[in-house]
Number of protein chains: 2
Amino acid sequence: MDLLPKCDANYVPLTPLTFLNRAAQVYASRTSVIYEGTRFTWRQTDHRCRRLASSLRSLNIVKNDVVSVLAPNVPAMYEMHFAVPMAGAVLNTINTRLDAKTIATILRHSEAKIFFVDYQFVPLAREALRLLMDDHSQECVSSESSFPLVIVIDDIDSPTGVRLGELEYEQLIHKGNPNYVPEHIEDECDPIALNYTSGTTSEPKGVVYSHRGAYLSTLSLILGWEMGSEPVYLWSLPMFHCNGWTFTWGTAARGGTNVCLRNTTAYDMYRNISLHKVTHMCCAPIVFNILLEAKPHEKRQITSPVQVLTGGAPPPASLLQKIEPLGFHVTHAYGLTEATGPALVCEWQAKWNQLPQEDQAKLKARQGISILTLADVDVKDLTTMTSVPRDGKTIGEIVLRGSSIMKGYFKDPNATSKAFKNGWFATGDVGVIHPDGYLEIKDRSKDVIISGGENISSVELESVLYRHPRILEAAVVAMPHPLWGETPCAFVALKKNANGKTDDLKEADIISYCRKNLPHFMVPKKVEFLPELPKTATGKIQKFQLRTLAQTFEVSKSSSENQKLSNKKSGQSDQVNTKIPRYITETHENVLALSRL
Amino acid sequence: MDLLPKCDANYVPLTPLTFLNRAAQVYASRTSVIYEGTRFTWRQTDHRCRRLASSLRSLNIVKNDVVSVLAPNVPAMYEMHFAVPMAGAVLNTINTRLDAKTIATILRHSEAKIFFVDYQFVPLAREALRLLMDDHSQECVSSESSFPLVIVIDDIDSPTGVRLGELEYEQLIHKGNPNYVPEHIEDECDPIALNYTSGTTSEPKGVVYSHRGAYLSTLSLILGWEMGSEPVYLWSLPMFHCNGWTFTWGTAARGGTNVCLRNTTAYDMYRNISLHKVTHMCCAPIVFNILLEAKPHEKRQITSPVQVLTGGAPPPASLLQKIEPLGFHVTHAYGLTEATGPALVCEWQAKWNQLPQEDQAKLKARQGISILTLADVDVKDLTTMTSVPRDGKTIGEIVLRGSSIMKGYFKDPNATSKAFKNGWFATGDVGVIHPDGYLEIKDRSKDVIISGGENISSVELESVLYRHPRILEAAVVAMPHPLWGETPCAFVALKKNANGKTDDLKEADIISYCRKNLPHFMVPKKVEFLPELPKTATGKIQKFQLRTLAQTFEVSKSSSENQKLSNKKSGQSDQVNTKIPRYITETHENVLALSRL
């Protein structure tokens, strides 16, 4: 039977490009894209993508060239997810909230041949290009050889006339050939996308996705979320975020409608949900706050349920209890840039509907079970490389294996070989497996606070803080302690009280609240009040900034602590060290989880 | 980026075996299999499959060996879908309604090393083995070298003690190792299953499926049918039928429950649906008749809707209008053994719910759109190899392309190379594409009746006959005609009238009814009444038998027909010949559609 050879009829490389090709045939007249007054059908989207791809070829783009884009969730950004790989090239979407220096670093590292810039980001791009140019001249590199061609994307619905260079996106569409035949995919493991991690602790790393990985991940996420046919998908999650968790390709697979959105304001989200009868959206939990805190005139009644896939952080129970009654049905997913977006989905079980709300929220906050196309997920004690027991208690590092894991880090063989160890991709996240097979993350390995040999999960501590009625935001990091080594330090932002003030709650109040709700050793030794916690482009709290700040704090050692320490020293620390392999903190410093984006 | 090599962490061969591995981890305590009083969980099913696989290895089964099985939808049949490939072997499920001679032919051709036989089919298997033995002695072949080891499968729920040889299935389970590690899949294109077409016109052909094809097809069908998590799946479709249209693997992917069924009687189906709250089932439309004609004591109230995927023939509108109000929600699929089961699904569109019942039934009877993992479907005029216009009128041959198409025919390079032409798999089915992209089959190429140069679709003619209130079954085939070449001949089985008789309706009545409802040239020249039409193992009408019968009929030529013929001869036939490439009838005689099984 091995003698039966592959042929064109029975072996077709797996690529998300087939989803668009199919959509153009079987969903031709259905609406593919809505952006304010602009609408396209799948036939039109297919033609526009072919036109753009052919224009890219005529601009000398060849196989494996990188095409970068700095844009919000506008139609052009969506189309490039198909058009760029149709031209044989690799799509590099850049986080719009990065600074010019980081963008310049990405353009340089990726060797981008073309740089598309939305009109809104022209000033940022100009600054990035200036920095890139400076580097070029310093390094005496011929600017012609590697300086990208810049093409501006004007607003398709309300053109502004803003330009950066001579070319504009719609010109390329206009000049292109609607019957262009996409470049043949020779190997399904060829690259399709290059996504840079945000680089909280080092230079950004370029994560390379293959056609095969993107294809399989897309199928898994439609399946895992049970997204049926004809979805109306609101682009509340940036497409530059793991290619919109693969739903850029997934909506084509399902013949859905992409409701594009320039700004994720409460007003724009509610307006589009109501106007277009949105059925699905993805977002970080922070977006729930935006929706909940909308002013009355910004809100709209949700008439039929909106399925929301959330990730980046477990959705706090308090948020779930407020957001779900409004008509948002939340599913929790967990993933990493390196896993082509979500790798676990907290698949809901019918029997859980009978449980009290609070228990449901706890179950929903777990990261869940592997998506279908991931071959395997495990939690490993990396010192012994054995699986931890499925007791919901023993913690270890979460490792993944499957064809939707990245090809590797672009031009970084060291980081690549560090990430792939013993046949697994090591996430750098620490968690447990519950007896029912559901996985729960306890922390990023580097967020675990090791205090006198005890492991303190900052996530656990934060979840207690979030339950305090006056706390709006909370983050806990390690601060140095002369005896314990590390001790928890909490940063909190308060909600305003009835008088519109926040100064009535003191450090002692928070510490006292924690003492009532936590084991003594977990209570923060210091509470720092901030008007707002520092956040990344996607609204994730930037712990590394807080960690830097916490390094400057000092804690005096009390005699009682001295006493406890000497007890500890008598032998517990060894035992604890086998529970969390501390060294993964160093080796996986740069692995970027969704929860870091 | 091409320099990033594949590794075990990011390249895992695609195989349905991962679905069971995952189910055992994340759905461990959920019920996997129910068969009368017997129940297993996914953890148990996984252990049983590992045990069986290790026993197969200890019986000297090695990579690519064929393991055959003759059994109804009992738990053993289900388990073998995982256990046999876990041992590195290829599963060959044999249609239980074949005769001993054909079964002997299959055992000989497949070189089966082991032959599992359900106790109920011991007499049939014994006869097949006797024929195989006779051949062996005639051919002077050493019987030891290729005569299969026979293992009986006793009823797990009510053991009978019936044996054929010394071994019984549960012994193998008992002796096996629950921690057996499945054989490594070296190449995802390695074979997983061997399914013989029924060979209506020639020796049976062995269709080889790959792990990759089975995996992708499984994902597509869950997606296309929108089968959510925790389905309760009734095994009304034989598993020997394209591995149960891949749902053998699909229920594991979804963590569903397999409700096994020895006999598809109305009583057993209703009883299991009601008892286990069945949510999904597959069947040929003939099963609707069984369900509809159940006696009152056999029926049960369907309390929540049962999703039914049907294929093999378009479900007649009259049946749909009766079966859907009972709680069966029907989706129509089309496929072939060579396409790993269904290749098109008639995906329902929300807007169609507004249409009158009759229009809905017509839309539902169309074969639909390609499943997601099929790279492409087209309708080609094979004389020109161009796509036909999407006008719902122009007919051509349906061709498929994608990784879920078979590897080829086992030990039949000629048939394999005939099936794969110009990068497509040619189905031998003739159809049209509607403007909305939905495909509709007009006929098997060999079922098209070419009468005086006009193409008559037997399917169209049959659908008119089925609308007659007294007709229970109808089939139309070509009969020879001295002037026209071919002319339609109808075979019908009548429902009983109020007096319990069928002899009150005459040939002239049917012909007169057809004249009112069909173009004159399509009206059957002969109507033959039968008490029941001959059917295949899966309830499909065996047209080849009727065709043989019709060859013996004679039609006298009338003068008016002479007149018409001379009109025709004046030049219309050339035009018609370009509409259906007649030669595909010969070259694709053996391509076996689901509609032939």
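Residues numbered from 1 in each chain as written. Chains lettered and ligands numbered in written order. Predicted model: local features only at pLDDT ≥ 70, side-chain atom pairs only at ≥ 80, totals over all residues. Heavy atoms only, no water.

Trainee: Describe the overall build of chain A, listing the residues and the values that go with them.
Mentor: Secondary structure summary: chain A contains 21 helices and 28 strands in total. Of all 597 residues assigned to chain A, the portion counted as buried reaches 62%. Residue pairs at least 24 apart in sequence account for 71% of intrachain contacts in chain A once pairs closer than 6 positions are excluded. Carbon and sulfur atoms make up 51% of the accessible area of chain A, which amounts to about 22100 Å² in all. (Helix = DSSP H or I, 4+ residues; strand = E, 2+ residues; numbered from the N terminus. Buried < 20%, exposed > 50% of the residue type's maximum accessible area, 1.4 Å probe, protein only. Contact = heavy atoms within 4.5 Å. Areas by Shrake-Rupley, 256 points an atom, 1.4 Å probe, with all protein chains shown as cover.)

Trainee: Can you tell me about the interface of chain B and chain A, naming the residues and giving the values?
Mentor: Across the contact, 71 residues belong to chain B and 71 residues belong to chain A. A buried area of about 5700 Å², summed over both sides, lies between chain B and chain A, and 53% of it is on carbon and sulfur atoms. Of all residues in chain B, Met1, Leu4 and Leu372 of chain B give up the largest surface area on contact with chain A, accounting jointly for 14% of the area buried on that side. In this structure, the connection of chain B to chain A is made through four salt bridges. For Glu188 of chain A, the salt bridge identified is with Arg212 of chain B, shortest N-O distance 2.9 Å. At the surface where chain B touches chain A, the tally comes to 26 residue pairs in polar contact (both at pLDDT 80 or more). Elements represented by at least two residues in the side of chain B that touches chain A include exactly helix 1 (17–26), strand 8 (191–196), helix 8 (211–225), strand 16 (369–370), strand 17 (374–381), strand 19 (396–402), strand 20 (408–409) and strand 22 (424–433) of chain B. For the side of chain B that touches chain A, the element with the highest residue contribution is helix 8 of chain B, accounting for six residues. Of the residues assigned to the side of chain B that touches chain A, the class counts are 39 nonpolar, 15 polar and 17 charged. (Buried area = accessible area lost by both parts, 1.4 Å probe. Salt bridge = Lys/Arg side-chain N within 4 Å of Asp/Glu carboxyl O. Polar contact = N/O pair within 3.5 Å; in protein donor to acceptor, adjacent residues only side chain to side chain. Nonpolar A, V, L, I, M, F, W, Y, C, P; charged D, E, K, R; others polar.)

Trainee: Please give an account of helix 11 (residues 266–276) of chain B that cites residues and values.
Mentor: Helical geometry: 3.6 residues make up each α-helical turn, so side chains three or four residues apart lie on a common side. Residues and elements named next belong to chain B. Within helix 11, eight of the eleven residues are buried, which leaves the element mostly enclosed by the surrounding structure. Where helix 11 is concerned, the buried positions are Ala266, Asp268, Met269, Tyr270, Arg271, Asn272, Ile273 and His276. In the stretch just after helix 11, Lys277 is the one whose phi turns positive, near 50 degrees.

Trainee: Now, about helix 4 (residues 100–110) of chain B: what can you tell me, with residues and values included?
Mentor: Residue and element names in this part refer to chain B. Of all eleven residues in helix 4, eight are buried; the element is thus mostly enclosed. Considered for burial, the residues of helix 4 that qualify are Ala100, Thr102, Ile103, Ala104, Thr105, Ile106, Leu107 and Ser110. Taken together, the buried residues of helix 4 touch strand 3 (66–70), strand 4 (90–93), strand 5 (114–118), helix 5 (122–138) and strand 8. Backbone geometry just after helix 4 places Glu111 at a positive phi near 55 degrees.

Trainee: Break down the sheet that holds strand 15 (residues 341–345) of chain B for me, with residues and values.
Mentor: All names here are of chain B. Taken in spatial order, the nine strands of this open sheet run 2-1-11-10-12-13-14-15-16, and their pairing is mixed. Each edge of the open sheet carries a strand with a single partner, namely strand 2 (38–41) and strand 16. Across five bridges, the pairing between strand 13 (residues 306–310) and strand 14 (residues 328–336) is parallel. For Thr310, the partnering residue across the bridge sits in strand 14 and is His332. Seen against the sheet, helix 3 (residues 75–86) touches strand 1 (31–35), strand 2 and strand 11 (257–259) and runs at an angle of roughly 145 degrees to strand 1. Along the sheet face, helix 11 touches strand 1, strand 2, strand 10 (232–234), strand 11, strand 12 (280–283), strand 13 and strand 14 and points at about 175 degrees away from the line of strand 10. (Pairing = 2+ DSSP bridges. Axes fitted to C-alpha atoms, helices over the stretch in contact; angles between N-to-C directions.)

Trainee: Residues and numbers for the sheet that holds strand 1 (residues 31–35) of chain A, please.
Mentor: All names here are of chain A. Reading across from one edge, 2-1-11-10-12-13-14-15-16 is the order of the nine strands in this open sheet, with mixed pairing throughout. Strand pairing shows two members of the sheet lacking a second neighbour, strand 2 (38–41) and strand 16 (369–370), which therefore form its edges. Bridge analysis of strand 1 against strand 11 (residues 257–259) gives two bridges, and the strand direction is parallel. Residue pairing in the sheet places Val33 in a bridge with Asn258 of strand 11. Helix-sheet contacts for helix 2 (residues 42–58) involve strand 1, strand 2 and strand 11, and the interaxial angle to strand 2 is about 90 degrees.

Trainee: Can you break down the relation of the copies chain B and chain A residue by residue, with the values?
Mentor: Mapping chain B onto chain A calls for a rotation angle of 180 degrees and an axial translation of 0.0 Å; the resulting RMSD is 0.1 Å. Here the two chains are linked by the operation of a two-fold rotation axis. Within chain B, Leu223 of chain B has its C-alpha nearest the rotation axis, a separation of 3.4 Å. With an isologous cut-off of 70% or more, the 100% of interface residues of chain B that recur at the interface of chain A puts this contact in the isologous class. (Least-squares fit on C-alpha atoms with pLDDT ≥ 70 in both.)

Trainee: I'd like a description of the packing of aromatic side chains, backed by residues and values.
Mentor: Residue and element names in this part refer to chain B. If you walk through the whole model with that rule in mind, you get 24 aromatic pairs over all chains. Geometrically, the ring pair formed by Trp348 and Trp352 is edge-to-face, given 5.0 Å between the ring centres and 80 degrees between the ring planes. Classification of Trp352 by relative accessible area gives buried; the value is 6%. A ring pair is formed by Phe420 and Phe425, whose centres lie 6.1 Å apart and whose planes are at 65 degrees; its orientation type is edge-to-face. (Phe/Tyr/Trp six-rings, centres within 6.5 Å; stacked < 30°, edge-to-face > 60°.)

Trainee: How would you summarise the packing of helix 8 (residues 211–225) of chain A against helix 8 of chain B if you had to cite specific residues and measurements?
Mentor: The geometry of helix 8 of chain A relative to helix 8 of chain B is characterised by a closest axis approach of 10 Å and an angle of 35 degrees between their N-to-C directions. When the axes of helix 8 of chain A and helix 8 of chain B are compared, the crossing they make is left-handed. In contact with Arg212, Tyr215, Leu216, Leu219, Ile222 and Leu223 of chain A of helix 8 of chain A, helix 8 of chain B contributes Arg212, Tyr215, Leu216, Leu219, Ile222 and Leu223 of chain B. Grouping the constituent residues of the contact of helix 8 of chain A with helix 8 of chain B by class yields ten nonpolar, no polar and two charged. (Left-handed = near helix turned anticlockwise from the far one by under 90°.)

Trainee: Lay out the pairing of strand 6 (residues 149–153) of chain B with the relevant residues and their values.
Mentor: Residues and elements named next belong to chain B. Here strand 6 lies mainly inside the structure; four of its five residues are buried. Sheet topology note: the strand 5/strand 6 ladder contains five bridges and is parallel. The partner of Phe115 across the bridge, within strand 6, is Val150. As paired strands, strand 6 and strand 7 (residues 167–168) are joined by two bridges and run parallel to one another. Along strand 7, the bridge assignment pairs Ile151 with Leu167.

Trainee: Could you give an account of unusual backbone geometry, with specific residues and numbers?
Mentor: For residues other than glycine, phi is negative in most cases, and the peptide bonds are mostly trans. Of note, Lys411 of chain A is a non-glycine position whose phi angle comes to about 55 degrees, a positive value. In this fold, Lys411 of chain A is placed in the loop between strand 20 (408–409) and helix 15 (413–419). Backbone geometry at Glu230 of chain B places phi at a positive 60 degrees, although glycine is not the residue there. Counting through the fold element by element, Glu230 of chain B comes out in the loop between helix 8 and strand 10. Relative accessible area serves as the criterion here: at 29%, Glu230 of chain B is assigned to the partly exposed category.

Trainee: Outline the nonpolar core, supporting the account with residue identities and numerical values.
Mentor: By size, the foremost hydrophobic cluster in this structure holds 199 residues, and its most contacted members are Phe116 of chain A together with Phe116 of chain B. Among all residues touching Phe116 of chain A, those that are not within four sequence positions of it are Leu52, Leu56, Val67, Ser68, Val69, Leu70, Met80, Ile151, Ile153, Tyr169 and Leu172 of chain A. (Core = buried A, V, L, I, M, F, W, Y, C linked by side-chain atoms within 4.5 Å.)

Trainee: Tell me about the pattern of salt bridges, residues and numbers included.
Mentor: Evaluated as defined, the whole model comprises 51 salt bridges over all chains. Note that Glu36 of chain A and Arg271 of chain A form a salt bridge whose closest N and O atoms lie 3.1 Å from each other. Separated by 235 residues along the polypeptide, Glu36 of chain A in the loop between strand 1 and strand 2 and Arg271 of chain A in helix 11 (residues 266–276) bring together distant segments of the chain. Residues participating in the shared-partner salt-bridge network are Glu188 and Arg212 of chain A together with Glu188 and Arg212 of chain B.

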